[in-house]
Protein chains: 2
Amino acid sequence: MEVNYPVIVDVTLREGIADPEGATIERALPALGFNGVTHVRAGKSFRMNIDATDESSALAMASALAERLLSNPVIENATARSATKG
Amino acid sequence: MEVNYPVIVDVTLREGIADPEGATIERALPALGFNGVTHVRAGKSFRMNIDATDESSALAMASALAERLLSNPVIENATARSATKG
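Residues numbered from 1 in each chain as written. Chains lettered and ligands numbered in written order. Predicted model: local features only at pLDDT ≥ 70, side-chain atom pairs only at ≥ 80, totals over all residues. Heavy atoms only, no water.

Novice: What is the right way to read the interface of chain B and chain A from this model?
Specialist: A common way to report how large an interface is uses the accessible area buried once the components associate. Tallying the contact residues gives 32 residues for chain B and 32 residues for chain A. Our count for the contact surface shared by chain B and chain A stands at 0 salt bridges. One can count 8 residue pairs in polar contact (both at pLDDT 80 or more) joining chain B with chain A. When residues of the side of chain B that touches chain A are traced back to their parent elements, those giving at least two are strand 1 (3-13), helix 1 (20-28), strand 2 (37-52) and helix 2 (55-70) of chain B. (Contact = heavy atoms within 4.5 Å. Salt bridge = Lys/Arg side-chain N within 4 Å of Asp/Glu carboxyl O. Polar contact = N/O pair within 3.5 Å; in protein donor to acceptor, adjacent residues only side chain to side chain. Helix = DSSP H or I, 4+ residues; strand = E, 2+ residues; numbered from the N terminus.)

Novice: Sorry if this is basic, but what is going on with the relation of the copies chain B and chain A here?
Specialist: In summary, the two copies of the chain are related to each other by a rotation about an axis coupled with a shift along it. Once chain B has been moved 0.0 Å along the axis and rotated by 180°, it coincides with chain A to within an RMSD of 0.0 Å. Read as a symmetry element, the transformation amounts to a two-fold axis. Proximity to the rotation axis, assessed at the C-alpha, singles out Lys44(B) in chain B; its C-alpha lies 2.1 Å from the axis. (Least-squares fit on C-alpha atoms with pLDDT ≥ 70 in both.)

Novice: Mind showing me how you'd approach the confidence of the model for chain A here?
Specialist: The share of residues in chain A with pLDDT of 70 or more is 98%, and the mean pLDDT across the chain is 95. Across the assembled chains, the prediction reports ipTM 0.89 with pTM 0.90. (pLDDT = per-residue confidence, 0-100.)

Novice: Just checking my understanding: could you explain the pattern of salt bridges for this structure?
Specialist: Residues and elements named next belong to chain A. According to the stated counting rule, one finds 4 salt bridges over all chains in the structure shown. Arg81 is paired through a salt bridge with Asp10; the nearest N and O atoms lie 2.6 Å apart. Of the two residues, Arg81 is situated in strand 3 (residues 76-82) and Asp10 in strand 1 (residues 3-13); the sequence distance between them amounts to 71 residues. The class of Asp10 is buried, set by a relative accessible area of 10%. (Buried < 20%, exposed > 50% of the residue type's maximum accessible area, 1.4 Å probe, protein only.)

Novice: Sorry, what's going on with the sheet that holds strand 2 of chain B here?
Specialist: Overall, antiparallel pairing links the 6 strands, which are arranged 3(A)-1(A)-2(A)-2(B)-1(B)-3(B) in an open sheet. On the outer flanks of this sheet lie strand 3 of chain A together with strand 3 (76-82) of chain B, each paired with one strand and no other. Strand-to-strand twist in this sheet, taken as the mean axis angle between neighbours without regard to direction, amounts to 25°. The pairing of strand 1 of chain B with strand 2 of chain B spans 10 bridges and is classified as antiparallel. From the neighbouring strand, Tyr5(B) faces strand 2 of chain B, where its bridge partner is Ile50(B). Helix-sheet contacts for helix 1 of chain B involve strand 2 (37-52) of chain A together with strand 2 of chain B, and the interaxial angle to strand 2 of chain B is about 130°. (Pairing = 2+ DSSP bridges. Axes fitted to C-alpha atoms, helices over the stretch in contact; angles between N-to-C directions.)

Novice: Any chance you could explain helix 2 of chain B here in plain terms?
Specialist: Along an α-helix, a turn takes 3.6 residues, which lines up residues three or four apart on a common side. Taken together, the buried positions of helix 2 of chain B are occupied by Ala58(B), Met61(B), Ala62(B), Leu65(B), Ala66(B) and Leu70(B). All buried residues of helix 2 of chain B lie within an arc of 140° about the axis, which places them on one face of the element. More than 90 degrees from the buried face of helix 2 of chain B, the exposed residues found are Ser56(B) and Arg68(B). Buried-residue contacts for helix 2 of chain B involve helix 1 (20-28) and strand 2 of chain A together with strand 1, strand 2 and strand 3 of chain B. (Arc of directions from axis to C-beta.)

Right, dumping it as structure tokens:
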């Protein structure tokens, strides 16, 4: 029987890949009164519901579609996690 | 003493706000062989390190800067969480 699993895919830039969006945010923060914030990195996240027989196959499908459609594996890491925990 | 806390801010569209990026992904998936994926919603995430005296003040600062700079509170929700747990 297939159950509907809520899954979140996080897409982040790989270490060492330039992140101009994160750098711009980091430079803007002190002017807004936020000090002591460093290493800002921007990423994307995708929430979805996946029909699968168990949670591990839902996560495996999410990882596969993240590699195929949601991320550029050359510069980005994609990780799938359950949206029910945490 | 200030410690460096890794924090993640998740920015998601509010319920009911149209998400053309998520809808486009959802329509593209069956053609790539991924069936049974519904309710795709696209969002953003920001990882950063925050100097603070304790974790709760780091998270409070992250929530404040997320409201002020990282999100549009009219159409988006922003939540801050520790990057060390989970």
